[in-house]
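Structural features, examined
These are the residues of each chain, in order.
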Amino acid sequence: MNVAVCVKQIPDPATPGKLDPETKTLVREGKLIMDDSDSYGVEMALQLVDKAGGGEVTLVSMAPNSEVSGLRNGLAMGAHKGVLISDPALKGSDALGTAKVLAAAIKRNEFDLVLAATESTDGYTGTLPVQVAELLGLPSITFAKHVEIADGKLKVNRQTEAGYDEVECSLPALVTVTAGVVEPRYPSFKGIMAAKSKPVDEVTVADLGVDVAQVGQGGSGQELVKVTPAEERKAGEVVVDEGDAHQNIVAFLEKLKVL
Amino acid sequence: MAITTTWVFAEAFDGRPLPVTLELLTKARELGGSIEAWTWGPDATAIAPALGAHGATKVHDLGDLGGALPGVPVASAMAAAIAAGAAPDLVLFPTTYDGRDAAGRLSAKIDRSVLTNAIDLGLDGDKLKVGHAIFGATMLVDATFTGAGPWLVAVRPKSFAASESGGASPSVETVSVPDTGATGSAVVTQSHVEEREGPKLDEADVVVSGGRGLGEADKYSMVEELAKLLKGAAGASRAIVDAGWVPYSHQVGQTGKTVKPNVYIACGISGATQHLVGMKGAKNIIAINKDQEAPIFAVADLGVVGDVHKVVPKLIEAIKARG
C-alpha cells in the first residue's frame with residue numbers, strides 16, 4: 001500500500017497574510033510550515049500503510065526556493081520520503097497549472113491512493129485535488145470524514161449538506177480529508193531527527209516533462225485586477241462582564257425586536 | 001464580449017432546487033444571454049418549472065446517475081457537449097461539495113482555469129469581473145480570466161438574492177452520460193441524514209453558535225437552549241465540529257454554511273478567518289468571549305468580554321423570566 005499525500009507549505013497562518021503590491025500574488029516569505037490541514041492526510045496515510053502491513057508514504061509539494069521546512073514537518077510524523085517541485089517558472093501558477101505539476105510528480109512513484117486536504121488554509125480554492133484526480137484518471141471522493149480500505153475497495157464517509165453519505169470506489173483513487181478524519185500525531189524527537197536525513201527528490205518543471213508554457217503566470221488563465229480593503233464592519237460597543245452583562249444583550253435583542 | 005450562453009450546475013434536494021441554484025440563475029440573467037441548466041437525479045422534471053421561472057430556457061437532464069457522485073458524470077457530459085460544438089461563455093457552479101467537484105473536473109477536462117469562492121460577478125467591458133473576499137473578508141479582490149472561455153466560476157451560496165423572471169417552463173433535453181471509466185466509479189451506497197429541530201441554519205432569523213470556548217461537548221446544550229428560546233438555529237465553529245462535539249451540519253464558516261441572519265450570537269468563538277467568512281454578513285452580531293483580544297470583537301455590534309459559562313446561563317434565565 002503506497003500513499004502519496006499532497007502537502008502545501010505555507011507561511012505561518014498566525015501571521016497576517018499579505019499580497020505583493022506589484023504582482024498581486026500571496027507573499028510567501030519567511031519560514032514555511034506544513035499547512036495544518038495537511039497533517040490529517042499525513043496521519044491517515046500512515047495509518048492506512050500501517051494497517052496494510054507495509055508500503056510507503058510519499059509527500060508531494062510545490063514550493064519556491066527549494067523550501068523543505070514544511071515537508072520536514074510531515075517527514076517527522078513518519079512519512080518516508082518527499083518529492084519537491086521547485087522552479088522559478090512556477091511563480092503565479094493557477095490551481096490547474098499547479099495540479100499539472102503535482103499530478104506529474106505523483107506519477108514518479110507507484111501509488112494506490114492519493115490524499116489531500118479539502119482546501120488549503122491560505123488560498124482555499126478547493127478545486128486542486130479534483131483537478132489532480134482528473135489529470136491522473138482517478139476517481140475521487142472529497143470531504144472524507146472516515147476512510148477505510150476493505151476487499152481492495154475504498155470506503156469513505158463523505159460529508160453532505162444533510163449529514164453524510166457512505167461512498168465506495170475502486171483503487172487507485174484520490175481522497176480529500178477533513179480535519180475530523182483522524183487525530184494527527186505529534187512528531188517524536190526521534191522522528192524529528194530522522195526526518196532530517198529522509199530523501200527529498202527535488203525536481204523542476206522540465207524534469208517532470210510538463211510544458212513550461214502551461215504553468216506560472218503565463219500558463220495561468222486568470223489574473224487579479226484589483227485589490228481593495230473591504231468596508232470595515234465597525235466594532236460596536238464592548239462591555240466587560242461584571243455579573244450583569246447579559247442585561248446588555250437582552251436590551252440589544254429588545255431593540256432589534258427579537259425579544 | 002457579451003455573454004451569449006451561460007450554463008448553470010443546477011443542484012436540487014428533495015424535489016426542490018437548492019437556493020444557490022436559483023441565486024446563480026438570477027445572476028446569470030443579469031449578465032445577459034441565454035441560460036441553460038444542467039440537472040440529474042429524480043428531481044429534474046419536478047424542478048424544471050422553478051428553473052424556468054428564474055431564467056433557464058433549457059435544461060440538460062442527465063437522469064438517474066445510479067448513485068454516482070455527480071461531479072464526474074456532469075463534468076463529463078458538459079465536456080462532451082463542448083467537444084461537440086457547444087460554446088458556453090460561462091459555466092457557473094455553486095461552492096458546494098458536488099459543485100466544487102464538477103468545477104475541478106471540468107477545468108481539467110477542457111483545460112480552462114476556474115475561479116472559486118466568488119461572491120460577486122459582473123461584466124467590465126469584455127472581461128468578466130469575479131469578486132472574492134480574502135483574509136477573513138478584510139480585503140476584496142477582483143480577478144478576471146485572461147484566456148478564451150468557457151470561463152468556469154464557483155460561487156459561494158448567498159452571494160446574490162434570487163428573484164423570479166416569470167419565465168416559462170424550459171425545454172428539457174435528456175443527455176446521456178459518456179463512459180467515465182474508473183474516474184466515475186465513486187458511488188453512494190447509503191445516505192445518512194442528521195435530523196435537527198427548528199429552523200434551518202442558513203434560513204434562520206437568529207443563529208446562536210458555540211465554539212471552543214465552551215470548554216466541553218456537554219456545554220453545547222446551552223447554545224441549543226438559547227437558540228430555541230430565540231426561535232433560531234444552533235450553529236458551531238469548525239473547531240468543535242472537528243472535535244466531534246456536534247454534527248457537521250451545524251458548521252458555520254468557509255467549509256460550512258454561510259449564514260446571514262438578523263442576529264448572530266457567537267458564544268466562545270474567537271473569530272478565525274474560516275469562521276468570519278461564514279457569518280460576517282449577519283445584520284447584527286453579538287459576541288461573548290473571555291479574551292478581549294479575540295478577532296470576533298472587531299466585527300461584533302455588541303461584544304461581551306466574559307465567561308460564556310456565566311453570561312449565557314444568566315441570559316437564558318433572563319429571557320425565560322420574560323415569559
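Description of the structure in this document. (Residues numbered from 1 in each chain as written. Chains lettered and ligands numbered in written order. Predicted model: local features only at pLDDT ≥ 70, side-chain atom pairs only at ≥ 80, totals over all residues.)

With that settled, consider the overall build of chain B. If you tally the helices and strands in chain B, you get eight helices and 18 strands. Against the globule reference of 20 Å for 323 residues, chain B gives a C-alpha radius of gyration of 21 Å, in line with a compact fold. For chain B, the spread of C-alpha atoms along the principal axes amounts to about 65 × 45 × 40 Å. The proportion of buried residues among the 323 residues of chain B is 55%. (Helix = DSSP H or I, 4+ residues; strand = E, 2+ residues; numbered from the N terminus. Rg over C-alpha atoms; globule rule 2.2 N^0.38 Å. Buried ≥ 20, exposed ≤ 12 C-beta atoms within 10 Å, placed from the backbone.)

Among the nonpolar cores identified, the biggest contains 181 residues, and Val 5, Val 101, Val 114 and Val 175 of chain A together with Val 8 and Val 153 of chain B are the most heavily contacted of them. Domain assignment of the residues forming this core places at least three in each of domain 1 (5–184) and domain 2 (206–321) of chain B. When near neighbours in sequence (up to four residues on either side) are disregarded, Val 175 of chain A contacts Leu 113, Leu 115, Ile 141, Ala 144, Val 147, Leu 154 and Val 156 of chain A. (Core = buried A, V, L, I, M, F, W, Y, C linked by C-beta atoms within 7 Å. Domains from an automatic or database assignment. Contact = placed C-beta atoms within 7 Å.)

Take the interface of chain B and chain A next. Residue-level contacts link 75 residues of chain B with 66 residues of chain A. Elements that contribute at least two residues to the side of chain B that touches chain A include exactly helix H4 (97–110), strand S7 (114–118), strand S10 (139–145), strand S13 (187–193), helix H6 (238–242), strand S17 (284–289), strand S18 (302–305) and helix H8 (308–321) of chain B. The leading source of residues in the side of chain B that touches chain A is H4 of chain B, at nine residues. Across the side of chain B that touches chain A, the residue classes tally to 37 nonpolar, 25 polar and 13 charged. In this structure, strand S9 (residues 163–170) of chain A lies alongside S13 of chain B, joined through six bridges in antiparallel fashion. When the sheet's bridge partners are listed, Glu 166 of chain A is paired in S13 of chain B with Gln 190 of chain B. (Nonpolar A, V, L, I, M, F, W, Y, C, P; charged D, E, K, R; others polar. Pairing = 2+ DSSP bridges.)

Residues and elements named next belong to chain B. Looking at the element boundaries, Pro 49 is found in helix H2 (residues 44–53). Owing to 13 C-beta atoms within 10 Å, Pro 49 belongs among the partly exposed residues under this scheme. Note: C-alpha distance between Pro 49 and Ala 168 (119 residues apart in sequence) is 7.1 Å.

Across the sheet, six strands lie side by side as S13(A)-S18(B)-S17(B)-S16(B)-S14(B)-S15(B); this open sheet has parallel pairing. Each end of this open sheet is capped by a strand with a single partner; those strands are strand S13 (237–240) of chain A together with strand S15 (233–236) of chain B. In this sheet, adjacent strand axes meet at a mean angle of 15° when their direction is disregarded. Contacts between H8 of chain B and the sheet are confined to strand S16 (263–267), S17 and S18 of chain B, with S17 of chain B contributing the most and set at about 130° to the helix. (Axes fitted to C-alpha atoms, helices over the stretch in contact; angles between N-to-C directions.)

Strands belonging to one sheet form pairs held by backbone hydrogen bonds; the direction of such a pair is parallel or antiparallel. Read across the open sheet, the 10 strands follow the order S11(A)-S5(A)-S4(A)-S1(A)-S6(A)-S10(A)-S7(A)-S8(A)-S9(A)-S13(B); overall the sheet is mixed. The sheet is open, and its two edges are formed by strand S11 (200–203) of chain A together with S13 of chain B, each paired on a single side. Ignoring strand direction, the axes of neighbouring strands in this sheet form an average angle of 30°. Taken together, the four bridges between strand S5 (residues 81–85) of chain A and S11 of chain A define a ladder with parallel strand orientation. Each residue of the ladder has a partner; that of Val 83 of chain A, found in S11 of chain A, is Asp 201 of chain A. In this fold helix H4 (residues 128–136) of chain A packs onto strand S1 (3–6), strand S6 (113–117), strand S7 (140–150) and strand S10 (173–177) of chain A, with an angle of close to 60° to the strand it touches most, S7 of chain A.

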